[in-house]
Amino acid sequence: MTVRLDRLTNGVRVVTESMPGLKSAALGVWVAAGGRHERPEQNGIAHFLEHMAFKGTKRRSALEIAEAIEDVGGYINAYTSREVTAYYARVLADDVPLALDVISDIVLNPVFDPREIEVERGVILQEIGQAADTPDDIIFDWLQEDCYRDQPLGRTILGPAERVRNFDRADLSAFVSEHYGPDQIILSAAGAVDHDALLGMAEEAFGGLAPRPSAQMSLAQFTGGQTRRVKDLEQAHFALAFESPGYRDDDIYTAQIYASALGGGMSSRLFQEVREKRGLCYTIFAQAGAYADTGSTTIYAGTSGEHVGDLARITIDEMKRAADDMSETEIARARAQMKAGMLMGLESPSNRAERLARVVQIWDRVPSLEETVARIDAVTADRVRTFAQVLAEQAPVAMALYGPVSQAPDLSELQERRAA
């Protein structure tokens with residue numbers, strides 16, 4: 001497998017990985033323009049723009065965009081995160097030129113028809129309503145807000161309904177002009193793809209895009225805090241987040257290994273103690289997430305109102321115990337799970353294309369898998385236990401509770417338990 005990275009004269013980066021034996025390819029455009037790049041009055045517009053990309057261009061109607069890819073048996077989609085918006089497709093090898101033509105068309109030539117804006121506004125408002133009605137979705141929006149209060153990174157990706165109701169063509173065009181410059185665009189492809197051929201097509205598609213200043217992204221600061229929403233639900237939803245490293249920090253691998261050992265699978269501490277031994281919940285997990293300049297280790301569980309207090313206190317106790325006695329065996333298992341998950345995931349060209357785009361965005365290069373595995377293997381038990389101690393006792397923390405949670409402990413009580 002061969003990875004190649006080039007930059008067009010205007011700054012657009014093109015990265016590919018050839019995967020011999022495959023008859024299909026995944027390719028897409030990743031734009032460094034997500035939720036955290038929005039000003040307060042723009043909150044939700046990056047996601048709105050992602051929707052509008054499929055609603056017609058100067059060359060294709062919305063139906064023609066869908067038919068162009070589906071007529072050849074392919075798949076096209078998009079997503080918006082807090083740091084990127086991605087437009088991607090999976091097609092057979094012979095249809096790579098078509099896929100690139102369609103993706104570049106929707107990224108560079110959207111028409112923002114006012115009638116289609118109104119249609120999609122209704123769709124997005126329904127999406128916002130659906131998220132609000134899904135407790136184990138909305139609680140993470142509240143937790144994110146508690147982590148980064150009054151900051152772009154703390155706002156929801158969908159945006160508030162009152163903002164979405166007011167976006168117009170000028171707002172969408174202004175966001176594109178501000179954030180869809182050559183330096184923000186990465187074209188990534190993996191599978192049955194020829195780098196030189198794709199580079200030539202990329203020059204034709206994106207080479208005329210004029211360079212422009214990159215918008216400055218404000219640094220995030222983990223503030224901590226809590227949200228408690230009492231509601232008559234079947235389950236009490238409980239989530240904690242602790243300040244952790246960003247993805248440019250070597251300790252991101254320590255955080256990920258710790259999260260896996262604490263709550264990443266059926267053998268993890270939280271799963272065994274809270275679910276298997278005590279039967280306090282059906283779902284409980286921990287995960288480490290990261291951004292350019294910050295991150296969080298998150299714990300989530302769903303339980304009954306009568307058990308949420310015990311669950312919260314036991315979670316803190318297990319975190320403190322992990323700082324003292326997390327074993328070499330647990331850490332080795334977490335390392336193995338992390339490496340296996342990464343390597344098995346990369347058997348998919350779609351996952352490979354996404355990884356390429358992500359690491360180029362982070363480091364402007366593509367670390368080899370061997371380098372990444374070596375960084376994972378370099379995480380010692382002492383590093384994990386030190387990290388565990390910081391999280392259990394010192395790291396800023398946020399908490400969100402939703403459902404029958406009137407009997408749940410206050411964040412100050414959990415803080416006292418951490419300090420005890």
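Scroll up a little and you will see the structure.
The present account deals with the structure reproduced in this document.

Conventions and cut-offs
- Residues numbered from 1 in each chain as written.
- Predicted model: local features only at pLDDT ≥ 70, side-chain atom pairs only at ≥ 80, totals over all residues.
- Heavy atoms only, no water.
- Helix = DSSP H or I, 4+ residues; strand = E, 2+ residues; numbered from the N terminus.
- Contact = heavy atoms within 4.5 Å.
- Axes fitted to C-alpha atoms, helices over the stretch in contact; angles between N-to-C directions.
- Parallel < 35°, antiparallel > 145°, perpendicular 65-115°, else oblique.
- Left-handed = near helix turned anticlockwise from the far one by under 90°.
- Nonpolar A, V, L, I, M, F, W, Y, C, P; charged D, E, K, R; others polar.
- Expected span 1.5 Å × (residues − 1).
- Buried < 20%, exposed > 50% of the residue type's maximum accessible area, 1.4 Å probe, protein only.
- Arc of directions from axis to C-beta.
- Polar contact = N/O pair within 3.5 Å; in protein donor to acceptor, adjacent residues only side chain to side chain.
- Pairing = 2+ DSSP bridges.
- Core = buried A, V, L, I, M, F, W, Y, C linked by side-chain atoms within 4.5 Å.
- Phe/Tyr/Trp six-rings, centres within 6.5 Å; stacked < 30°, edge-to-face > 60°.

**Some details on unusual backbone geometry**
Consideration 1: Of note, Asp-150 is a non-glycine position whose phi angle comes to about 60 degrees, a positive value.
Consideration 2: Inspection of the secondary structure assignment puts Asp-150 in the loop between helix 5 (135–147) and helix 6 (161–164).
Consideration 3: Its identity as a non-glycine residue notwithstanding, Asp-364 has a phi of 60 degrees, on the positive side.
Consideration 4: Following the sequence through the fold, Asp-364 ends up in the loop between helix 13 (349–363) and helix 14 (369–377).

**Some words on the side chain of Gln-184**
Consideration 1: Residue position: Gln-184 is located in the loop between helix 7 (169–179) and strand 6 (185–191).
Consideration 2: In contact with Gln-184, not counting residues within four places along its chain, are Trp-30, Val-31, Ala-32, His-179 and Ser-214.

**Brief notes about the packing of helix 2 (residues 62–70) against helix 3 (residues 96–108)**
In a pair of packed helices, the angle between the axes and the distance between the axes together describe the arrangement.
Consideration 1: It is the contact of helix 2 with helix 3, at a shortest axis distance of 10 Å, that shows an interaxial angle of 160 degrees. With respect to helix 3, the axis of helix 2 lies roughly antiparallel. Between helix 2 and helix 3 lies a crossing whose hand is left-handed. Of the residues in helix 3, those in contact with Ile-65, Ala-68 and Ile-69 of helix 2 are Leu-98, Ala-99, Val-102 and Ile-106.
Consideration 2: Grouping the amino acids of the contact of helix 2 with helix 3 by side-chain chemistry returns 7 nonpolar, no polar and no charged.

**Things to note about helix 4 (residues 114–132)**
Consideration 1: For helix 4, built from 19 residues, the straight-helix expectation of 27 Å at 1.5 Å per residue is met to within 8% by its first-to-last C-alpha distance of 27 Å.
Consideration 2: Looking only at helix 4, the buried set comprises Ile-117, Glu-120, Arg-121, Ile-124, Ile-128 and Ala-131. In a view along the axis of helix 4, the buried residues occupy a sector of 120 degrees, so they form one face of it. The outward face of helix 4, more than 90 degrees from its buried face, is lined by the exposed residues Arg-115, Gln-126 and Gln-130.
Consideration 3: Buried residues along helix 4 sit against helix 1 (45–52), helix 5, helix 6 and helix 7.
Consideration 4: Structurally, the start of helix 4 carries an N-cap: the backbone nitrogen of Arg-115 is 2.8 Å from a side-chain oxygen of Asp-113.

**Brief notes about the sheet that holds strand 5 (residues 85–92)**
Consideration 1: Taken in spatial order, the 6 strands line up as 1-2-6-3-5-4 in an open sheet, and their pairing is mixed. Both outer strands of the open sheet, strand 1 (2–7) and strand 4 (75–80), are each paired with one neighbouring strand and no more. Direction aside, the axes of adjacent strands within the sheet are offset by 15 degrees on average.
Consideration 2: Pairing analysis gives 6 bridges linking strand 4 to strand 5, with the strands arranged antiparallel. Residue pairing for strand 5: Thr-80 is matched across the bridge by Thr-85.
Consideration 3: Set on the sheet, helix 1 makes contact with strand 4 and strand 5; between it and strand 4 the angle comes to about 170 degrees.
Consideration 4: Running over the sheet, helix 3 touches strand 3 (24–31), strand 4, strand 5 and strand 6 and is turned about 160 degrees from strand 5.

**As for the nonpolar core**
Consideration 1: With 50 residues, the main nonpolar core has Leu-27, Tyr-87, Tyr-180 and Leu-198 as its most contacted residues.
Consideration 2: Per-element accounting of this core gives the leading share, 7 residues, to helix 3.
Consideration 3: Apart from residues no more than four positions distant in its own chain, Tyr-180 is found in contact with Val-31, Ala-33, Leu-49, Thr-85, Tyr-87, Val-107, Phe-175, Ile-185, Leu-209 and Arg-212.
Consideration 4: One finds Leu-270, Val-274, Ala-286 and Leu-411 within the second-largest nonpolar core, a separate group that totals 48 residues.

**Describing the packing of aromatic side chains**
Consideration 1: Counting across every chain of the model gives 8 aromatic pairs.
Consideration 2: Centre to centre, the rings of Phe-140 and Tyr-300 are 5.5 Å apart; their planes meet at 45 degrees, and the pair counts as tilted. With Phe-140 in helix 5 and Tyr-300 in strand 10 (residues 295–303), this residue pair connects regions lying 160 residues apart in the sequence.
Consideration 3: Ring plane angle 70 degrees and centroid distance 5.5 Å describe the contact between Tyr-258 and Phe-387, whose orientation is recorded as edge-to-face. One end of the pair, Tyr-258, is in helix 9 (residues 252–263); the other, Phe-387, is in helix 15 (residues 381–393), and 129 residues separate them in sequence.

**Examining the sheet that holds strand 10**
Consideration 1: In spatial order, the strands read 7-11-8-10-9; together these 5 strands make up an open sheet with mixed pairing. Looking at strand neighbours, the two that pair on one side only are strand 7 (225–230) and strand 9 (283–290), the edges of this open sheet. When the angles between neighbouring strand axes are averaged without regard to direction, this sheet yields 10 degrees.
Consideration 2: Sheet topology places strand 7 next to strand 11 (residues 397–403); 6 bridges connect them, and they run parallel. Considered in strand 11, the bridge of Gly-225 is made with Ala-398.
Consideration 3: In this fold helix 9 packs onto strand 9 and strand 10, with an angle of close to 180 degrees to the strand it touches most, strand 9.
Consideration 4: Where helix 11 (residues 308–325) meets the sheet, it contacts strand 8 (236–244), strand 10 and strand 11, and its direction lies at approximately 25 degrees from that of strand 8.

**Comments concerning the side chain of His-195**
Consideration 1: Here His-195 is to be found in helix 8 (residues 195–206).
Consideration 2: A distance of 2.7 Å separates a polar atom in the side chain of His-195 from a polar atom in the side chain of Asp-6.
Consideration 3: Only 2.7 Å separates the side chain of His-195 from the side chain of Thr-16, close enough to count as a polar contact.
Consideration 4: Those residues in contact with His-195, other than ones at most four positions away along the chain, are Arg-4, Leu-5, Asp-6, Val-14 and Thr-16.

**Some details on the packing of helix 9 against helix 12 (residues 328–345)**
Consideration 1: Running from amino to carboxyl end, helix 9 crosses helix 12 at an angle of 110 degrees, the nearest separation of the two axes being 8 Å. For the element pair helix 9 / helix 12, the angle class is roughly perpendicular. Residues Tyr-253, Gln-256, Ile-257, Ser-260 and Ala-261 of helix 9 lie in contact with helix 12, whose contacting residues are Glu-330, Ile-331, Ala-334, Arg-335, Gln-337 and Met-338.
Consideration 2: Tallied by class, residues from the contact of helix 9 with helix 12 come to 6 nonpolar, 3 polar and 2 charged.

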